[in-house]
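Coordinate inspection notes
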Amino acid sequence: MNLIAIIDAGERSTQGRLAAEALRQAAQRHGHALKLELDGAPPLTSIELAAAQAALLIGAAADPRLDSLPALRLSLDQALADPAEAVRRAAALNAPQTDALRIVAVTSCPTGIAHTFMAAEGLSQAAQALGHAIRVETQGSVGAQSALSAGEIAEADLVLIAADTQVELSRFKGKRLFQSGTKAAINDGQALLRRAIAEAAPHQPDTADAAPEKPASERNGPYKHLMTGVSFMLPFVTAGGIMIALAFALGGIYAFDDAHKGTLAWALFQIGAKSAFALMVPILAGYIAYSIANRPGIAPGMVGGMLAASLGSGFLGGIIAGFIAGYGTDWLNRKIRLGRNLDGLKPVLILPVLGSLLVGLLMIYVIGGPVAALLGMLTEALKSLQGSSALLLGAIIGSMMAFDMGGPVNKAAYAFSTGLIASQVYTPMAAAMAAGMTPPLGIALATKLFADRFSADEREAGKAAGVLGLAFISEGAIPFAARDPLRVIPALMLGSAVAGAISMLAGVELKVPHGGVFVLPIPNAVSHLGLYLLALLAGTAVTAVALRALKKPAQAAAA
């Protein structure tokens, strides 16, 4: 097999030369041809790059020259420690599979609606194309579907986790396991499967089941931990928002006062505002900590979240408390060694107590007050936004919602808007949902009005995108953006910016964070309903017109 290795040794030039020679000899022993580039010299030629079947990136970041070439990334120390294994794993990335593997997979995303099932479909199609058998468990918004049985897990050759939230891994102990996000499964399932087959390692959780086998910094980034917290918080926001809206519809805006005590409106307000909403910040903080430190992180995280709520630091304080509790508990778990007989006390006694003490004292004496002041200033600033300021914020939220449709930028805007609901700031949420509905709705409209810009398959897919858009599932636009990103994404961002800007300018408030048009008929769920529908229609129309202007006719594009 033709392999290439790109080594970025930096100041460790001696080790870089040693690694290059070790890899060259290892490749020769295994019958592979290896071309090397050490710190950019001599640069690999275009012919060598074109002939390569797999690549080794040693201490180097992603290289745009590799395009879709399968690549294995290792540190310089890893390459020096076992060059033969490095060569073997690189060759395995593009090696023909002679035996069908039995693979089990789990997919999950923060909202559990679109990316979860798109990733499952991508993996199923990829496994079929590569000749492997696969069973996928989807952990969606209603829990696990097609749950893997103990027998299926026992018989599996490989476990693949494609998730943007924390997934419980204890049942996969001892199995070869590989973790990734949903995006890789959606964009190129075959490449993900090949990488998983080459790089999967046996999963060995901590004996106390308190933390996975790697340090927190190596497992997942802060974004994934935050999204885990948001995914668990959303049902509380949705339930609370609908209950409050119904309470106001039945009893008016003063349904919560003593004059209405005992009425259905008063009871609904107690359920929504005093119960569901009261749990939002503790749940957010608790499950951020859970994502980092597993079960021992839940108690410290929720304690920190409760303190954040009581101190007035809101969702910002909850996020900070969750990360302090998670990383603090994870650090304590790795540093405290009690021996085999007493390790069982860590997850149920020692870690929750010490973690709660750590986050509690920090929230009370250090963090709570300043963050509460910051949140107060942010809340007042958002409530007082008018004119051009509101227009700009709406346009920014809208553009972010359409930029990657379910990706990190989209989720950042959504998490910001959702978190503000706890502070009774509802205008960003309205802008975010309108902007998130606009991309698939605009595409659906464009496929009808400007059919010459789309292939027959795209015109058919446009119908499904429209249905997804009505339900506030932005991911319906992803297939169109993936095929022509330089033209489609700017058009989607423009339309969503218009929708978000009009919504913010009109002062529309939305108390429910999901559901699309299906929550709009609920009394008091959205204010200024007519203007909100106008914002949605305007954004959809702008998206369709922009697609008409930017996209080439389908026949010309194919040529």
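Residues numbered from 1 in each chain as written. Predicted model: local features only at pLDDT ≥ 70, side-chain atom pairs only at ≥ 80, totals over all residues. Heavy atoms only, no water.

In the annotation of an unreviewed UniProt entry, the protein is listed under the name protein-N(pi)-phosphohistidine--D-fructose phosphotransferase and assigned to Chromobacterium haemolyticum. Its UniProt record gives the protein the following Subcellular location (unreviewed entry) comment, quoted word for word: "Cell inner membrane". As its UniProt record puts it under Catalytic activity (unreviewed entry), the protein is described as follows: "D-fructose(out) + N(pros)-phospho-L-histidyl-[protein] = D-fructose 1-phosphate(in) + L-histidyl-[protein]". (UniProt positions renumbered as here; feature names shortened; annotations may be inferred.)

Considerations on the packing of aromatic side chains
Aromatic ring pairs: the centre-centre distance and the angle between the two ring planes describe each pair. Tallied over the full model, the rule gives 5 aromatic pairs. Consider the rings of Phe232 and Tyr287, whose centres lie 3.8 Å apart with planes at 10°: the pair is stacked. Within this pair, whereas Phe232 is found in helix α10 (residues 222-251), its partner Tyr287 is found in helix α12 (residues 280-293), the two being separated by 55 residues in sequence. Classification of Phe232 as partly exposed rests on a relative accessible area of 33%. Ring geometry for Tyr414 against Phe472: centres 5.9 Å apart, planes inclined by 55°, an arrangement best described as tilted. With a gap of 58 residues between them, Tyr414 in helix α17 (residues 408-421) and Phe472 in the loop between α19 (456-470) and α20 (478-483) connect regions that are remote in the sequence. Judged by relative accessible area, which is 6%, Phe472 ranks as buried. (Phe/Tyr/Trp six-rings, centres within 6.5 Å; stacked < 30°, edge-to-face > 60°. Helix = DSSP H or I, 4+ residues; strand = E, 2+ residues; numbered from the N terminus. Buried < 20%, exposed > 50% of the residue type's maximum accessible area, 1.4 Å probe, protein only.)

Quick look at the domain arrangement of the protein
As assigned here, the protein comprises domain 1 (2-93), domain 2 (102-203), domain 3 (222-375) and domain 4 (382-550). Just the C-alpha atoms count here: the centres of domain 1 and domain 3 sit 47 Å apart. (Domains from an automatic or database assignment.)

Section: the UniProt feature "transmembrane region" (unreviewed entry) in the protein
Within this numbering scheme, the UniProt entry marks residues 232-256, 276-293, 305-328, 348-378, 390-409, 463-482, 488-508 and 529-550 as carrying the feature "transmembrane region" (unreviewed entry). Counted over residues 348-378, helix gives 100% and strand 0%. Its end C-alpha atoms are 38 Å apart. Here residues 463-482 runs as 65% helix and 0% strand, with 18 Å between its end C-alpha atoms.

Some words on the sheet that holds strand β4 (residues 71-74)
The 4 strands are arranged β2-β1-β3-β4 in an open sheet whose pairing can be described as parallel. In this open sheet, the two edge strands, each paired with only one partner strand, are β2 (33-38) and β4. Strand-to-strand twist of the sheet, defined as the mean angle between neighbouring strand axes without regard to direction, takes the value 15°. Two elements, strand β3 (residues 54-58) and β4, share 4 bridges in a ladder whose sense is parallel. Across the sheet, the residue bridging to Ile58 is Leu74, located in β4. Here helix α4 (residues 83-92) sits on the sheet in contact with β1 (2-7), β3 and β4, set at roughly 150° to β4. (Pairing = 2+ DSSP bridges. Axes fitted to C-alpha atoms, helices over the stretch in contact; angles between N-to-C directions. Contact = heavy atoms within 4.5 Å.)

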